[in-house]
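The primary structure of each chain is shown beneath.
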Amino acid sequence: MSNGYKVAIVGATGAVGREMISVLEEREFPVKELLLLASERSEGEKIRFHGEEVVVRRLTEDSFGDVDIALFSAGGGISRQFVPHAVKAGAVAIDNSSAFRLEPDVPLIVPEVNASDIAGYEERGIIANPNCSTIQMIVALGPIHRAAVIERVRVCTYQSVSGAGQKGIEELSNQTRRLFNSQEVVTEAFPHRIAFNVIPHIDDFRPNGYTGEEMKMIDESRKIMHLPDLPISATCVRIPVFYGHAEAVTVETGRKLTAAEARDILRGAEGVKVLDTPLENVYPMPLLASGDDATFVGRIREDLSHERGLEMFVVADNVRKGAATNAVQIAERLVREHL
C-alpha cells in the first residue's frame, strides 16, 4: 500500500458527498490530499477534514490531475460527462450514480458479497456503487445465498426522503412545519405530499408497471449475485422518515433454512447486525440504523406460505451504507488489493 492517495470527491457539498468526507476521516482512509469538487455555486466553500479546512473547487474536465481515486456523487449526468475525464487522467472512478451500473465491463460492488469483482475495474477504470436499496438487501441476502442458494426474492421497501437528496429532506421538513401551522403545503420533490403520507412511487414508471427504482433493485441484484435469471419482484415506497431505508424481504431457498439457522448465519456475516428479539420489542428500525455502517436484520421467521421460504426485515442508513460508506469500502479494498 502507498503512504497515501490523492482522493477527489465530486459532489462534495451534497448530502452523500459530505458523508463521504466524514467516512474517509472516520475510517482513517490513507488520504495524502483531498480534492473537493462541486458546481460553480459551491466554489470557495470550506469543509473541514482532519482538523483543516479544505476549499471546494469548481468541477471542470481538467480537475483530475494526479488524482488516484475519484468518488463521484453528483448524479448520472455529471458522472457520464466527467468520469471519462477522471479515468483519462489516471484515476479510478468509484461512481455512486446509476450511469454505469449495468454496463457489463463495469464491476458493481457490495464489498461484503462480491469484493473479488473489483479486479474488473482495469477494463474501464470505473467501479459502480449500487443503489442504496439494493446494497442493504444484498448484504443480507449474500450469506443466505452462500448457505442455501436463493431461488426467488420478493421485497417491499420503505424508503426515507433523504434518498431523494437534500430537496427531499427539506420538503418533508417544510411540509410538516406548514401543516402544524395550518398553512398550505407545497409539493415539488415528490408527486404527492410526503408529510404524514406514504407514496408507492420512486423514480419514473416503466412500461411493465414497475418504477425505475424497482428495476434497479432487480437488475442490480442479479448482476451483483451473478444470477442473471434470478426471479425478483420489488415494490418501492417513499415514507415520511428523514434517514434510513427499511425493507421487508422474502426469499425462497434451494434447501430449507430454519429461522434459527438463518439467524446464526446472519450473526456471523460481515456487515450485519442482527436485532431479533421481537417479544422484547427488539427489531431493526431506521432510528437505530442512523449513523451506523451496518445493515440491521430482524423479524427473521419462516414463511408460512412456502416450505423453503424466509421472511426478514432489513434496515440501513441509506446515506452511509447505502452510499458513502459502501463507496469508501470499495476504495479500501481497491488500495489494499489492487493499487
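Notes on the structure in this doc start here. Going along each chain's sequence as written, the residues are numbered from 1 onward. pLDDT decides what is reported in this predicted model: residues at 70 or higher carry local features, side-chain atom pairs at 80 or more are listed and counted, and totals for whole chains, interfaces and linings draw on all residues regardless. Calculation of side-chain values draws on the structure's entire complement of heavy atoms; hydrogens and water are dropped beforehand.

A separate point is helix H2 (residues 76-88). Along an α-helix, residues three or four apart share an orientation, since each turn contains 3.6 residues. Secondary structure elements are taken from DSSP: a helix is a run of H or I of four residues or more, a strand is a run of E of two residues or more, and numbering for both begins at the N terminus. What a helix should span is 1.5 Å times the count of its residues minus one. Compared with the 18 Å implied by 1.5 Å per residue over 13 residues, the 18 Å span of H2 between its first and last C-alpha is a close match. In this analysis the local bend is the angle between axes fitted, respectively, to the seven residues ending at and the seven residues starting at the residue. Along its length, H2 shows its largest kink, about 35°, at Phe 82, and proline Pro 84 lies within four residues downstream of that point. Residue exposure (1.4 Å probe, protein chains only): buried if accessible area is under 20% of the type maximum, exposed if over 50%, otherwise partly exposed. Of all the residues in H2, the buried ones are Gly 76, Ser 79, Phe 82, Val 83 and Ala 86. Residue contacts are counted whenever heavy atoms from the two residues lie within 4.5 Å of one another. The secondary structure elements touched by the buried residues of H2 are strand E6 (69-72), strand E7 (92-95) and strand E8 (126-128). Looking one or two residues past H2, Gly 90 carries a phi angle of roughly 105°, positive in sign.

This part is about the pattern of salt bridges. Salt bridge, as used here: a side-chain nitrogen of Lys or Arg that lies within 4 Å of a carboxyl oxygen of Asp or Glu. Taken as a whole, this structure holds 25 salt bridges when the rule is applied. The salt bridge partner of Arg 27 is Asp 293, with a shortest N-O separation of 3.7 Å. Highlighted residues: Arg 27 in the loop between helix H1 (15-26) and strand E2 (31-38) and Asp 293 in the loop between helix H8 (286-289) and strand E13 (295-302), separated in sequence by 266 residues. Between Arg 308 and Glu 151 there is a salt bridge, and its shortest N-O distance comes to 3.4 Å. With a gap of 157 residues between them, Arg 308 in the loop between E13 and strand E14 (309-316) and Glu 151 in strand E9 (residues 150-159) connect regions that are remote in the sequence. What makes Arg 308 partly exposed here is its relative accessible area of 25%. Salt bridges sharing common partners tie together Glu 19, Glu 26, Arg 27, Asp 293, Arg 320 and Glu 332.

This part covers the side chain of Arg 263. Looking at the element boundaries, Arg 263 is found in helix H7 (residues 259-267). In terms of polar contacts, Arg 263 uses its side chain to reach the backbone carbonyl oxygen of Ile 300, at 3.0 Å. In this structure, Arg 263 is in contact with Val 274, Asp 276 and Ile 300, ignoring residues within four places of it in sequence. Under the rule applied, a polar contact is a pair of N or O atoms within 3.5 Å (in protein, one hydrogen donor and one hydrogen acceptor; residues adjacent in sequence only if both atoms are side-chain atoms).

Let's shift gears to the sheet that holds E2. For two strands to count as paired, DSSP must find a minimum of two bridges between them. Pairing is parallel across the open sheet formed by six strands, whose spatial order is E5-E2-E1-E6-E7-E8. Looking along the sheet, the strands with just one partner apiece sit at the ends: strand E5 (57-58) and E8. Bridge count between E7 and E8: three bridges; the pairing is parallel. Bridge assignment links Ala 93 to a residue of E8, and that residue is Ile 126. All axes are obtained by fitting lines to C-alpha atoms, using only the stretch in contact for helices, and the reported angles, taken between N-to-C directions, cover 0 to 180 degrees. Against the sheet, H1 touches strand E1 (5-10), E2 and E6, its axis set at about 155° to E1. Its contacts with the sheet put H2 on E1, E6, E7 and E8, and the angle it makes with E6 is roughly 175°.

The next thing to look at is a nonpolar patch on the surface. A cluster of nonpolar side chains, Met 285, Leu 287 and Leu 288, forms an exposed patch at the surface whose accessible area comes to about 310 Å². Relative to the assigned elements, Leu 288 resides in helix H8. A residue counts toward a patch only above 30% relative accessible area and without a salt bridge, and it is joined to like-charged neighbours within 9 Å or, for Val, Leu, Ile, Met, Phe, Trp and Tyr, to nonpolar neighbours within 5 Å. Per-residue accessibility takes into account occlusion by the displayed protein chains alone, with areas from the Shrake-Rupley method and a 1.4 Å probe.

Turning to the layout of surface pockets, a few remarks are in order. A 1.4 Å probe that fits but cannot get out identifies a cavity on a 1 Å grid over protein atoms alone, an open set with protein on both sides within 12 Å along at least five of seven lines counts as a pocket, and a residue lines either if it has an atom within 4 Å of a point. Grid points are joined across faces, edges and corners, and a volume is the space filled by probe spheres set on the points. Here the largest pocket defines a volume of roughly 1200 Å³. Forming the boundary of the largest pocket are 48 residues, of which Ser 73, Ala 74, Gly 75, Gly 163 and Gly 165 lie nearest the centre. Of all the secondary-structure elements, those providing two or more residues to the lining of the largest pocket are H1, H2, helix H5 (166-180), helix H6 (212-225) and helix H9 (320-337). Among the residues making up the lining of the largest pocket, the classes are represented as 18 nonpolar, 21 polar and nine charged. As a volume, the second largest pocket reaches approximately 180 Å³. The wall of the second largest pocket is formed by Lys 167, Glu 170, Glu 171, Asn 174, Gln 175, Arg 178, Val 186, Thr 187, Glu 188 and Ala 189. Among the residues forming the lining of the second largest pocket, the class breakdown is two nonpolar, three polar and five charged. Only Asp, Glu, Lys and Arg are considered charged, only Ala, Val, Leu, Ile, Met, Phe, Trp, Tyr, Cys and Pro nonpolar, and every remaining residue, Gly among them, polar.

Spatial ordering of the open sheet is given by E10-E9-E11-E14-E13-E12, a layout of six strands whose pairing is mixed. Bordering the open sheet on either side are strand E10 (232-238) and strand E12 (272-274), each of which pairs with just one other strand. Each strand axis lies, on average, 25° off the axis of its neighbour in the sheet, ignoring direction. Relative to E14, E13 is paired through six bridges, and the arrangement is antiparallel. Bridge assignment links Arg 301 to a residue of E14, and that residue is Glu 311. Sitting on the sheet, H6 is in contact with E9, E10 and strand E11 (245-253), with an inclination near 135° to E10.

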